[in-house]
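Chains, contacts and geometry: an overview
In case you want the letters, here they are:
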Amino acid sequence: MGVISAIGNSVAENHQSLKNATCGVSKEFDLFPTKYAGLLPFGQVPISTEDLQKQLLVNDPGVTRTTLLALHALNEAIADCGISAEEIQSFDTALIGANTVGGMCLTDELYNDANEKTDGSDYLASYDCASVNLYLQKHFKIKGIINTINTACSSSANAIMYGAMLMKNGYAKRAIVGGTDCLAKFTINGFNALHILSSDNCTPFDEGRKGLNLGEGAAFLILEKEEDIKGRKVYAELTGYSNANDAYHPSSLSDEGDGPFLSMQGALKVANLTADKIDFINAHGTGTENNDEVESKAMIRLFDKPPAFASTKGNIGHTLGASGAIEAVYSILSLIHQEVYANLHFKNTIPSTGLTPVQSYTKMPVNHIMSNSFGFGGNCSSLIFSKV
Amino acid sequence: MLYIHKTYCISAQQDLLQANIELINEAVDKKLLAIEPSYEKIPPGILRRMGKSIRMGVGAALPLISETDNIDGIIMGSANAGMDDCVKFLNQMVQYEEGQLTPGSFVQSTGNVIAGQLGLITKNKGYNITHIHLGLAFENALLDAMMQLNTNQSNTYLVGGVDEISPFHYNIETLAGSYKKEDISNKYLYETDSPGCVVGEGAAMFVVNAEAASSIAKVAAISTIHSTDIELLKQQLNLFLQKNIPAGENVDLFLSGENGDNRTLPYYTACETLLADDTAVVRYKHMVGDYATVSAPGLWYACEFLQQPVPEHMFKKKTSKTEYRNILLYNNFKGLQHSFILVSNL
């Protein structure tokens, strides 16, 4: 596994920050000029794009921050897993990545190139989301199946699912899966126009929640089939996954929460588990009025008495296309260390649901953990990771 | 494998199998713009707010969904759906200096907007996903459908590929040198020896399941690779043929994605050298142009050629065969993303 976020540049740093209930979201922001700098809190990865380039020894022109974050996380995952260059380059190693921002972080360059105000910048091939994985393909010389998925905020959960499907169907022996997204003026203004950005730190599942905070980061995981592990360390088993659509509204969830309910239910079915076997839910919990109430209701509908749950959006913000992968890493940390992390900034339960998330770092037995990701376009996905 | 039961295609040609090259639609300003239907199935209030790719995608899918009993999931491939709205929102943001912006374009700017809208309009709560991997976005959608059907054998899925010539995307690709600089007619696309293609757009949709009965075609196999190495590509094609063409059979028709770009032509000719003497070679991009998800109309053509004759002007090489059992599609996007799709009759 590899991860980079507002609370750490590695799995170890993220783990320590989660244990310490560190909040990486603040109004200190210096990535690019925006009217909202200092006004809205963001979960910024505290490394400049230039420093990322230097650290990663990237000299090619046209490489975006989205791609650099991905490369950072993937380097860590590869080193952690110990797979060889030969294995990465074999025809049966797939790379499935997700992102929603792509090169949209390059506001000025894109504006000028798209409106014919230049002779062309270095970034002409970097704007679309596929450019991240095309860069990683070239960098690591990957020959297996490569794909980019965009289901908005559930993108990287679907990347994990697609990687698992490729292996199950014999199209890959090994799948490198994950997601990345960086903060961009584009998404800041977009979510702001929808009036779902909180001017304070987000408070998932709290009665007085005022919206989400945007964050950035990346995570990659390397999946292998049980028979191909060859003595490598194994952190967890991906036992369940499911994707369903809420079919209600382009940018909000239905009151009944059919999409979240169906994705959670579908993941249980694939894992062949009954609801009572889930020990913990890593909730999508963005801190918006709509998401947290609907997700809670869907959990009550499926579980009757939902298990312990929490959202890490208070730690790192909503990392959009990266969130499913980053939170997969966090879920797996819970399984490895038999512990769960605090849902930050919570005060009062939502009256209509009466649900209280985990509020402090807690040691507890965790055998099966469910991780939710829901996105625009009604795209809901749930994953289940199990202890090995 | 999967079986195709219904198809719908929107492209630059009203008559996609126009037999007379003199009657095929010509590119306007070197753009093969889609001939759009009247979209009777899209509610007018929603239609007005839709960008072109969303309109084409939803408009091509709805007729198929409405005549199919039950669609269990929607699987889309689109490299740049939402791109136009994305730059519209960006322009608004720059012009109003991040002032009070309307979120309409932002919500429609996400790549998953077509599948999302289809889920919403048809109240489809099943599997819903969008593959956006540029020149292999549609291929991954098709592969996804195969895998879903392998697990859920009684299901039926809608699979499609959609992309538009958005003005902003066109500007970026023009700066990147993707299109022909000289004035040429798409009718004589293959007579050019210069870099660049003629851009196209469109939407092709397929209703697929695991049932052979009453189907139009079988998608027997797909293979994709990223490489600029012609030798590696040839190796991949040989492996693909060995693995997937039944003993005693051959590729009867090679549906080539040749696009008039002299930078990618060597890949297409390299593939042709590996095929048998009696393999017909057929081209289609003078009809629909070239774009990231052009394999979707390519697959539509393959389905047609299992049922009816190939127009003369589409042949690069004609053979004595008039009926085809195995059709191999090969597409190459920007010299890097390659796909082979084997389509056969049952």
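**As for the overall build of chain B**
Check the secondary structure of chain B and you find eleven helices and 13 strands. The C-alpha radius of gyration computed for chain B amounts to 20 Å, which stays within 12% of the reference 20 Å derived for 346 residues, consistent with globular compactness. Summarising its shape, the C-alpha atoms of chain B cover approximately 65 × 50 × 40 Å along the three principal directions. Counting contacts in chain B only where the partners sit at least 6 residues apart, residues at least 24 apart contribute 79% of the total. Carbon and sulfur atoms make up 48% of the accessible area of chain B, which totals about 12300 Å².

**Regarding the pattern of salt bridges**
Tallying each qualifying case throughout the model produces 33 salt bridges over all chains. Across the pair Arg-209 of chain A and Asp-292 of chain A runs a salt bridge whose closest N-O atoms are separated by 4.0 Å. Highlighted residues: Arg-209 of chain A in the loop between helix H8 (185-193) and strand E6 (214-215) and Asp-292 of chain A in helix H10 (residues 289-303), separated in sequence by 83 residues. Residue classification places Asp-292 of chain A among the buried residues on the basis of a relative accessible area of 0%. Taking the shortest distance from any N to any O, the salt bridge between Lys-234 of chain B and Glu-231 of chain B comes out at 3.9 Å.

**A look at the packing of aromatic side chains**
Tallied over the full model, the rule gives 19 aromatic pairs over all chains. Ring centres 5.0 Å apart and planes at 80 degrees place the aromatic pair Phe-29 of chain A and Phe-32 of chain A in the edge-to-face group. With respect to burial, Phe-29 of chain A and Phe-32 of chain A carry one shared label: buried. The ring centre of Phe-91 of chain A lies 5.5 Å from the NZ or CZ of Lys-143 of chain A, which sits over that ring. Against the face of Tyr-190 of chain B rests Arg-283 of chain B, its NZ or CZ located 3.9 Å from the ring centre.

**Focus: the interface of chain A and chain B**
Across the contact, 66 residues belong to chain A and 59 residues belong to chain B. Together chain A and chain B conceal approximately 5200 Å² of surface at their shared face, both sides included; 64% is due to carbon and sulfur atoms. Linking chain A with chain B are one salt bridge, by the criterion used here. Note that Lys-125 of chain B is salt-bridged to Asp-258 of chain A, the shortest N-O span being 2.5 Å. Our count for the contact surface shared by chain A and chain B stands at 23 residue pairs in polar contact (both at pLDDT 80 or more). The set of elements that each furnish at least two residues to the side of chain A that touches chain B consists of helix H5 (107-114), helix H6 (130-140), strand E4 (146-149), helix H7 (155-168), H8, strand E8 (237-245) and helix H9 (258-271) of chain A. Here the side of chain A that touches chain B takes seven residues from H8 of chain A, the largest share from any one element. Residue composition of the side of chain A that touches chain B, by class: 32 nonpolar, 24 polar and ten charged.

**Re empty space enclosed by the protein**
Evaluation of the coordinates by the stated rule reveals five cavities of 30 Å³ or more. Reported here for the largest cavity is a volume of approximately 330 Å³. The wall of the largest cavity is formed by 26 residues, among which Thr-100 and Asn-150 of chain A together with Ser-109, Thr-110 and Gly-111 of chain B lie closest to the centre. Looking at the lining of the largest cavity, the elements with two or more residues in it are H8 of chain A together with helix H3 (83-95) of chain B. Of all the elements, H8 of chain A adds the most residues to the lining of the largest cavity, at three residues. For the lining of the largest cavity, the class distribution of residues is 16 nonpolar, nine polar and one charged. The calculated volume of the second largest cavity comes to roughly 80 Å³. Around the second largest cavity, the lining residues are Pro-250, Phe-376 and Gly-377 of chain A together with Val-107, Gln-108, Thr-110, Asn-112, Val-113, Gly-116, Gln-117 and Leu-120 of chain B. Looking at the lining of the second largest cavity, the element that brings in the most residues is helix H5 (residues 113-122) of chain B, giving four residues. Among the residues making up the lining of the second largest cavity, the classes are represented as five nonpolar, six polar and no charged.

**A look at the environment of Ser-381 of chain A**
All names here are of chain A. Relative to the helices and strands, Ser-381 is located in strand E14 (residues 379-386). A relative accessible area of 1% means that Ser-381 is categorised as buried. In this structure, the C-alpha to C-alpha distance between Ser-381 and Gly-324, residues 57 residues apart in sequence, is 8.9 Å. When residues no more than four places from it in sequence are discounted, the contact partners of Ser-381 are Ser-154, Ala-157, Asn-158, Ser-242, Asn-243, Ser-263, Ser-371, Asn-372, Ser-373 and Phe-374.

**Digging into the environment of Ser-331 of chain A**
With respect to the secondary-structure elements, Ser-331 of chain A resides in helix H12 (residues 323-337). For the pair formed by Ser-331 of chain A and Phe-385 of chain A, sequence separation is 54 residues and the distance between their alpha carbons is 7.4 Å.

**What about the domain arrangement of chain B?**
All names here are of chain B. Its domain assignment divides chain B into domain 1 (2-209) and domain 2 (217-344). Between domain 1 and domain 2, the C-alpha centre-to-centre distance is 22 Å. In this assembly, 55 residues from domain 1 lie in contact with 44 residues from domain 2. When domain 1 packs against domain 2, close to 3900 Å² is buried across both sides, 64% of that on carbon and sulfur atoms. Contact with domain 2 buries area across many residues of domain 1, yet Leu-17, Glu-139 and Tyr-190 alone supply 19% of it, more than any other trio. For the pair domain 1 and domain 2, the interface holds one salt bridge. Among the elements of the structure, strand E1 (2-10), helix H6 (137-151), strand E5 (156-163), strand E6 (199-200) and strand E7 (202-209) are those that each provide at least two residues to the side of domain 1 that touches domain 2. Per-class residue counts for the side of domain 1 that touches domain 2 are 30 nonpolar, 18 polar and seven charged.

**Considerations on the layout of surface pockets**
Rolling a probe over the atoms, with the probe sized like a water molecule, indicates the empty space that remains. One number sums up the size of the largest pocket: a volume of about 1100 Å³. Along the walls of the largest pocket sit 45 residues, with Ala-125 and Leu-134 of chain A together with Leu-134, Lys-334 and Leu-336 of chain B positioned nearest its centre. Mapped by element, the contributors of at least two residues to the lining of the largest pocket are H6 of chain A together with helix H7 (167-175), E6 and strand E12 (326-333) of chain B. No other element matches H6 of chain A, which puts five residues into the lining of the largest pocket. Of the residues contributing to the lining of the largest pocket, the split by class is 17 nonpolar, 17 polar and eleven charged. Counting the residues that make up the lining of the largest pocket, at least three belong to each of domain 1 (2-209) and domain 2 (217-344) of chain B. Roughly 850 Å³ of internal volume is contained in the second largest pocket. Of all the secondary-structure elements, those providing two or more residues to the lining of the second largest pocket are helix H3 (65-81), H7, strand E7 (217-224) and E8 of chain A.

**Focus: H6 of chain A**
Residue and element names in this part refer to chain A. Most of H6 sits inside the fold, with nine of its eleven residues counted as buried. Every buried residue belonging to H6 is among Ala-130, Ser-131, Val-132, Asn-133, Leu-134, Tyr-135, Leu-136, Gln-137 and Phe-140, and all of these are buried. Taken from the residues just after H6, Lys-141 is the one with a positive phi, measuring 55 degrees.

Rules used throughout
Residues numbered from 1 in each chain as written. Chains lettered and ligands numbered in written order. Predicted model: local features only at pLDDT ≥ 70, side-chain atom pairs only at ≥ 80, totals over all residues. Heavy atoms only, no water. Helix = DSSP H or I, 4+ residues; strand = E, 2+ residues; numbered from the N terminus. Rg over C-alpha atoms; globule rule 2.2 N^0.38 Å. Contact = heavy atoms within 4.5 Å. Areas by Shrake-Rupley, 256 points an atom, 1.4 Å probe, with all protein chains shown as cover. Salt bridge = Lys/Arg side-chain N within 4 Å of Asp/Glu carboxyl O. Buried < 20%, exposed > 50% of the residue type's maximum accessible area, 1.4 Å probe, protein only. Phe/Tyr/Trp six-rings, centres within 6.5 Å; stacked < 30°, edge-to-face > 60°. Lys NZ or Arg CZ within 6 Å of the ring centre and 35° of its normal. Buried area = accessible area lost by both parts, 1.4 Å probe. Polar contact = N/O pair within 3.5 Å; in protein donor to acceptor, adjacent residues only side chain to side chain. Nonpolar A, V, L, I, M, F, W, Y, C, P; charged D, E, K, R; others polar. 1 Å grid on protein atoms, 1.4 Å probe; cavity = no way out; pocket = protein on both sides within 12 Å on 5 of 7 lines; lining within 4 Å. Points joined across faces, edges and corners; volume = space filled by probe spheres on them. Domains from an automatic or database assignment.

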